[in-house]
Amino acid sequence: MTKDFAVIGLGRFGGSICRELSQEGMQVLAIDSDEDRVNEYKNIAYHAVIADSTDEDTLREIGIKNFDHVIVAIGENIQASILTTVILTDIGIKKITVKAQNDYHEKILNKIGVDQVVHPERDMGRRLAHNIISNNILDYLELSDEHSIVEVKAGKKMIGKSLIDLDIRANYGCNIVAIKRGRDINVSPSAEDALREEDILIVIGADKDISRFERRLVIDDD
């Protein structure tokens, strides 16, 4: 089912969302106050318009109320981001996602009642930090302020041992929700199966527990 999206702000973040949604077959309205940016997305988005998103009449005129989901990806101008979000809320947009510049910006957005606040720079920083700690830590996704899901390669201390042997849930408070082995993914791994080199584990848990698990079992001593 095709959904209609509007992306306000066509910088690197907003432009990337616009491009990906369009490639997935979604109808995207691309909005920016900069003519050059709008021209860049005329052949990518379903429709691209030059508009001031802090002007309620302008947003109404371009039919913003008809869109299922509006993404506010305005760059450095926090005031414009907040004002745009307030207007979208007043208009009655079903779902609003906003890019936050900092924690203060995020607090204001949450008070306004935004459906989803994203922190791309902060989140990417956290993912990169986990990636550079060890080659065995492949990916990191924050689920909440205190819980995450990570994708890790089985460390040397884990090879040849089963999930029963490691007893990860009891020892570290984490859960192995899936094991990837080559092209196969096992979403209900047997507790008796021995882990092999190159196995990739999908682990979910509290951040403090995941960190302990990574330090003890995932990060190999050189």
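Anyway, here's the lowdown on the structure attached to this text. Every value quoted in this text rests on a predicted model; they were computed, and no experiment measured them. (Residues numbered from 1 in each chain as written. Predicted model: local features only at pLDDT ≥ 70, side-chain atom pairs only at ≥ 80, totals over all residues. Heavy atoms only, no water.)

### Looking at unusual backbone geometry
Of note, the phi angle at Asp167 is positive, near 45 degrees, even though the residue is not glycine. One can find Asp167 in the loop between helix 7 (163-166) and helix 8 (168-172). Classification of Asp167 by relative accessible area gives partly exposed; the value is 36%. Of note in the backbone geometry, Glu198 takes a positive phi value of approximately 80 degrees without being a glycine. Counting through the fold element by element, Glu198 comes out in the loop between strand 10 (184-186) and strand 11 (200-206). (Helix = DSSP H or I, 4+ residues; strand = E, 2+ residues; numbered from the N terminus. Buried < 20%, exposed > 50% of the residue type's maximum accessible area, 1.4 Å probe, protein only.)

### Digging into helix 5 (residues 103-112)
Looking only at helix 5, the buried set comprises His105, Glu106 and Leu109. Down the axis of helix 5, the buried set is contained in an arc of 100 degrees. They therefore lie on one face. Of the exposed residues in helix 5, the ones pointing more than 90 degrees away from its buried face are Tyr104, Lys107 and Lys111. Positioned one or two residues after helix 5, Gly113 has a phi angle of 100 degrees, which is positive. (Arc of directions from axis to C-beta.)

### Some details on the side chain of Asp209
Looking at where Asp209 falls in the secondary structure, it is placed in helix 9 (residues 207-218). Note on Asp209: relative accessible area 13%, which makes it buried. Excluding its chain neighbours within four sequence positions, the residues that come into contact with Asp209 are Tyr172, Gly173 and Cys174. (Contact = heavy atoms within 4.5 Å.)

### What to know about the layout of surface pockets
One number sums up the size of the largest pocket: a volume of about 930 Å³. Considering the residues around the largest pocket, the lining is formed by 40 residues, among which Phe13, Lys99, Val118, His119 and Pro120 are closest to the centre. Within the residue set of the lining of the largest pocket, elements represented by two or more residues are helix 1 (12-23), strand 2 (27-32), helix 5, strand 6 (116-118), helix 6 (120-133) and strand 7 (137-142). For the lining of the largest pocket, the element with the most residues is helix 6, which contributes seven residues. Considering only residue class, the lining of the largest pocket consists of 14 nonpolar, 12 polar and 14 charged. In this structure, the second largest pocket occupies an estimated 200 Å³ of space. Along the walls of the second largest pocket sit Leu163, Ile164, Asp167, Ile168, Arg169, Cys174, Asn175, Ile176, Pro189 and Ala191, which together make up its complete lining. Considering only residue class, the lining of the second largest pocket consists of seven nonpolar, one polar and two charged. (1 Å grid on protein atoms, 1.4 Å probe; cavity = no way out; pocket = protein on both sides within 12 Å on 5 of 7 lines; lining within 4 Å. Points joined across faces, edges and corners; volume = space filled by probe spheres on them. Nonpolar A, V, L, I, M, F, W, Y, C, P; charged D, E, K, R; others polar.)

### Thoughts on the sheet that holds strand 4 (residues 69-72)
The six strands lie next to each other as 3-2-1-4-5-6, forming an open sheet whose pairing is parallel. The outermost strands of the open sheet, each flanked by one partner alone, are strand 3 (47-50) and strand 6. For this sheet the average axis-to-axis angle between neighbouring strands, irrespective of direction, equals 15 degrees. Strands strand 1 (4-8), strand 2, strand 4, strand 5 (95-99) and strand 6 of the sheet are contacted by helix 1, whose axis makes an angle of about 160 degrees with strand 1. Along the sheet, helix 4 (residues 78-91) makes contact with strand 1, strand 4 and strand 5, crossing strand 5 at roughly 175 degrees. (Pairing = 2+ DSSP bridges. Axes fitted to C-alpha atoms, helices over the stretch in contact; angles between N-to-C directions.)

Geometric descriptors of this kind do not, in isolation, establish any biological role.
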